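# Descriptive analysis of the structure
Here's the letter readout for the chains.
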Amino acid sequence: MAVTAGTKLDARTLRADFPIFEQQVHGKPLAFLDSAASSQKPRQMLDAMDHFYETSYANVHRGVYELAERATEALEHARERMRAFLNAPSTREVIFVRNATEAINLVAYAWGLWNLEAGDIVVVTELEHHSNFVPWQFVAGKRGAELRMLPLDDHGELDLSGLDAIAREGNVKIVATNLVSNSLGTINPVDRLVAWAHEQGAIFVCDAAQAAPHMKLDVQALGVDFLAVSGHKMCGPSGAGVLWGRAEILQKMEPFLTGGHMISSVHVDKTTWGELPHKFEAGTAPMAEAVGLGAAIDYLEAIGLDAIEAHEHELAAYALGRLAEVPGITLYGPPAERRAGIVSFNLEGIHPHDVAQILDLQGVAIRAGHHCCQPLMHKLGVAATNRASFYLYTIPEEIDQLVEGLHAVRKVFA
Ligand SMILES: Cc1ncc(COP(=O)(O)O)c(C=O)c1O
């Protein structure tokens, strides 16, 4: 995805919006380099949730009194904000869920389980988060379908040369890939994969958990059939995510969860389903969380997604350059221009958990582990990596703090 030059964000000023940065950790300034796991929260989003709880809180949709109507309006306003954020044709296609994992499971259970047959093929990639791998493995296994994985090349980018061979093997029904890898930061060629999936008559499920916080998304331009988003990675609260899906497909699907709110009528012998999006929103909605997510979208759009993306590319390039100075380091993934603000690495002979623990004492928060990408770790031939990830509030000094910390780690293990 092209990075447009132009508006530049001022991360130092933006940090003042985030109360969490007002503290020190172990007596050191906090260098928070774990935004790919979950982002920090701006005061504007926190205030919006507080305001909702303090002035408009009641259960939505079912009440006829003032507060319930205000709460419903707030929830539906958040849905409209997400519709516009994704350039979706209709709010009927915007389904509130808990997170990207639930969004993908919804499609796996409510489409995959009903439409896959023995011999069909589900295609994923070696770069997937377990959330976009295990549900497909599970439903494919249940239905006797085959799972195929697109491999990575030596740069940590997808090798698409095997697509024709997969197409010859059988009926490709589902292609599910991420747009941005949470482990290597790779930006994947979703446009080419969508075109190929549709040539096969397959649906395309896009895991945009790492893309939505960082780049402008347009579901119509992407051409995908489903897209999963986690609100907590894009300055929103935990507990609210979104599944976007094409109305014509959603309408034909059976529900995922059943119970209150998602029905049209319930009789002892038969229940009928509600209209979109309610058919897929059983139970009380994450109301305050959705309001917070709407405020997070306001916040991100005021900064500009293009500016956020450009800032992260700059940080990724800076980090790759600075980290390369550390003796014994292995850096994984593509060059800076083809990755988002995520850098995975290992220090020779030092387990990532030890690295992360010693860095914590320097005030540096990174993630160490398999990043919910065990198939990828197998491919890289490691059990785990260290991962530093950046966001709109990350400043180069935090990367310097990381590099100094890594020199300290090496001294401890010398
Ligand atoms: C690429 C990707 N997909 C899916 C997920 C799952 O997100 P959640 O845990 O919010 O469901 C993550 C979380 O790290 C991710 O990075």
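Analysis parameters
Residues numbered from 1 in each chain as written. Predicted model: local features only at pLDDT ≥ 70, side-chain atom pairs only at ≥ 80, totals over all residues. Domains from an automatic or database assignment. Contact = placed C-beta atoms within 7 Å. Helix = DSSP H or I, 4+ residues; strand = E, 2+ residues; numbered from the N terminus. Near = placed C-beta within 6 Å. Nonpolar A, V, L, I, M, F, W, Y, C, P; charged D, E, K, R; others polar. Buried ≥ 20, exposed ≤ 12 C-beta atoms within 10 Å, placed from the backbone. Arc of directions from axis to C-beta. Pairing = 2+ DSSP bridges. Axes fitted to C-alpha atoms, helices over the stretch in contact; angles between N-to-C directions. Expected span 1.5 Å × (residues − 1). Bend = angle between axes of the 7 residues up to and from the residue.

### Focus on the domain arrangement of the protein
Entries for the protein in the domain assignment read domain 1 (11–32 + 304–412) and domain 2 (46–301). Computed over C-alpha atoms only, the centres of domain 1 and domain 2 are separated by 28 Å. Contact with domain 1, which involves 24 residues of that partner, is made by 24 residues of domain 2. At the level of secondary structure, the elements contributing two or more residues to the side of domain 1 that touches domain 2 comprise helix 11 (305–323), strand 14 (342–347) and helix 13 (374–380). Among the elements that make up the side of domain 1 that touches domain 2, the one with the highest residue count is helix 11 (6 residues).

### Let's talk about the site of the ligand
Near the ligand lie 13 residues; those nearest to it are Asn99, Thr101, His129, Asn182 and Ser230. Looking at side-chain class alone, the shell around the ligand contains 3 nonpolar, 9 polar and 1 charged residues.

### Observations regarding helix 12 (residues 352–361)
Where helix 12 is concerned, the buried positions are Pro352, Val355, Ala356 and Leu359. For helix 12, the angular spread of buried residues about the axis comes to 95 degrees, placing them on one side. Away from its buried face, by an angle of more than 90 degrees, helix 12 presents the exposed residues His353 and Gln357. The inward-facing, buried residues of helix 12 contact strand 14, strand 15 (364–365), strand 16 (367–369), strand 17 (385–389) and helix 14 (396–412). Note on helix 12: the residue one or two positions beyond its end, Gly363, has a positive phi of about 85 degrees.

### Focus: the sheet that holds strand 4 (residues 94–97)
As summarised here, the arrangement of the 7 strands in space is 4-10-9-8-7-5-6, forming an open sheet in which the pairing is mixed. The two strands at the open ends of the sheet, each matched to only one other strand, are strand 4 and strand 6 (146–150). Recorded for the sheet is a direction-independent mean angle of 20 degrees between the axes of neighbouring strands. One ladder, built from 3 bridges, connects strand 5 (residues 121–125) with strand 7 (residues 172–178); its direction is parallel. Bridge pairing in strand 7 places Val123 opposite Val175.

### Quick look at helix 4 (residues 100–115)
Taking 1.5 Å of rise per residue, 16 residues should cover 22 Å, and helix 4 covers 21 Å from first to last C-alpha, within 8% of that figure. Along helix 4, the helix axis deviates most sharply at Ala108, where the bend reaches about 30 degrees. Most of helix 4 is tucked away: 12 of the 16 residues are buried. Residues of helix 4 that are buried include every one of Ala100, Thr101, Glu102, Ala103, Ile104, Asn105, Leu106, Val107, Ala108, Ala110, Trp111 and Gly112, and no others. Contacts made by the buried residues of helix 4 are with strand 4, helix 5 (134–143), strand 7, strand 8 (203–207), strand 9 (226–230) and strand 10 (241–245).

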